[in-house]
Amino acid sequence: MPLASQRKIAVVGAGAVGSTFAYALAQSGLAGEIVLIDQNEALARGQVLDLAHGQPFFPAVSIREGNPSDYRDAQLIVITAGAAQRPGETRLELLHKNAAIMHNIVADIVKQDSDGLILVVSNPVDVMTYVALQSAGVDRGRILGSGTVLDSARLRHLLSAHCSIDVHNVHAYILGEHGDSEFAAWSMTHVAGIPINEFCPICGRCEDWNEKRDAMEQQVRDSAYHIIDYKGATCFAVGLALVRIVGAILRRERSVLTVCTRLEGEFGLQDVCVSVPCVVSETGVEQIVTANLPENETAALHASAAVLKVAIAQLDTNA
Ligand code: NAD
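Residues numbered from 1 in each chain as written. Predicted model: local features only at pLDDT ≥ 70, side-chain atom pairs only at ≥ 80, totals over all residues. Heavy atoms only, no water.

Asks: Any chance you could explain the site of the ligand here in plain terms?
Replies: Close to the ligand lie 22 residues, the nearest being A16, V17, D38, T80 and N123. Contact distances for the ligand include 2.9 Å between an oxygen atom and a side-chain N or O atom of N123. Here the shell around the ligand is composed, by residue class, of 10 nonpolar, 11 polar and one charged. (Near = heavy atom within 4 Å. Polar contact = N/O pair within 3.5 Å; in protein donor to acceptor, adjacent residues only side chain to side chain. Nonpolar A, V, L, I, M, F, W, Y, C, P; charged D, E, K, R; others polar.)

This is the structure:
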């Protein structure tokens, strides 16, 4: 097996998400080498030129176009490649199309005998993480999905604005599917180290916190729909969320992040990829933080996992 080059990151898919991630990654100083790969070679070339012209303003980093042979010694491969839904195309058809794309990319990675970690971003990310794991047949920790890291950031932003407290003093986690069935784990939500329900009377900004928190949770679920309506795609916050995950890996941080991982009995769930708090470090998902969730949150996690199991089962049907 080839030794991974130090801090070489391959980004598959040079569209809105892949290129914005590459831009944020270049500025972070985390990567030594960034390689962009896209089936649309002209797009990859254009993005690389545009990024490389910023090199005098970035910390030292090499940025270039690549091809599947770059998987061989990449420390991390970030997959943002995917097809967008076409008019008249069903979600199920799209699911099959993106699963085929994911399977082929992972097959190429396996062919290169790469020992790099794989970070899946393409949607539906929970199902795509499952497909990647099935296709690669490797230890579950090595392949993770970006999951609800972005959604948790959205919730932290909303809580910070609502309570008028620095977002860095707000800890909050969205768990479950990166999608409509996700939910806020209020039992794990703290402001300045104080559980949210105890912080509420101190804050005193809203009349009915229960109503407010339901609205906030829904706002997180609807965020991507609104942004896509306004501008066609989401890219900035997800790009930064990816840099956060990559930083945890490259700096061996053992950060707790709500990435998507395959559960094998944790939380009473089996054989489904879903976002739960995970310790993320050099070898990917190093530990699942099996928090003792209250009954309603455990039920919400199970309901979300059930939605994903249906989607996984659909992979075996004809589109
Ligand atoms: P995009 O259409 O701008 O880019 C996708 C790119 O993938 C295109 O450039 C396309 O040419 C490329 N591609 C398709 N098949 C390929 C293949 N087999 N090999 C190499 N490249 C291939 O889309 P986008 O806005 O960048 O979004 C990318 C994906 O990320 C989508 O699935 C989107 O839903 C997802 N996304 C995920 C999150 C998250 O939090 N997980 C957030 C935003 C977007």
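From this point, things continue past the structure.
Asks: Any chance you could explain the sheet that holds strand β11 (residues 194–195) here in plain terms?
Replies: Sheet strands associate in pairs through backbone hydrogen bonding, adopting either a parallel or an antiparallel arrangement. Here we have three strands laid out as an open sheet, ordered β7-β10-β11, and antiparallel in their pairing. Here the strands that pair on one side only, and so sit at the sheet edges, are β7 (170–171) and β11. (Pairing = 2+ DSSP bridges. Helix = DSSP H or I, 4+ residues; strand = E, 2+ residues; numbered from the N terminus.)

Asks: Is there a simple way to think about helix α4 (residues 125–136) in this case?
Replies: Because each turn of an α-helix spans 3.6 residues, side chains separated by three or four positions end up pointing in the same direction. In this model, α4 (12 residues) spans 16 Å end to end at C-alpha, consistent with the 16 Å of a helix rising 1.5 Å per residue. With 10 of 12 residues buried, α4 is to be regarded as a mostly interior element. What α4 keeps buried is the set V125, D126, V127, M128, T129, Y130, V131, A132, L133 and A136. Where α4 terminates, the next one or two residues include G137, which has phi positive at roughly 60 degrees. (Expected span 1.5 Å × (residues − 1). Buried < 20%, exposed > 50% of the residue type's maximum accessible area, 1.4 Å probe, protein only.)

Asks: Please clarify how the pattern of salt bridges should be interpreted in this entry.
Replies: Opposite charge on two side chains permits them to pair, given that their charged atoms come into close proximity. All chains considered together, the criterion is met by 14 salt bridges. A salt bridge links R244 to E253, with the shortest nitrogen-to-oxygen separation between them at 2.9 Å. On the accessibility criterion, E253 (29% relative accessible area) is partly exposed. A salt bridge links R262 to E264; its shortest N-O distance comes to 3.1 Å. Overall, E264 belongs to the partly exposed group, its relative accessible area being 39%. Linked through salt bridges whose partners overlap, the residues forming this network are K8, E33, R64, D70 and D73. (Salt bridge = Lys/Arg side-chain N within 4 Å of Asp/Glu carboxyl O.)

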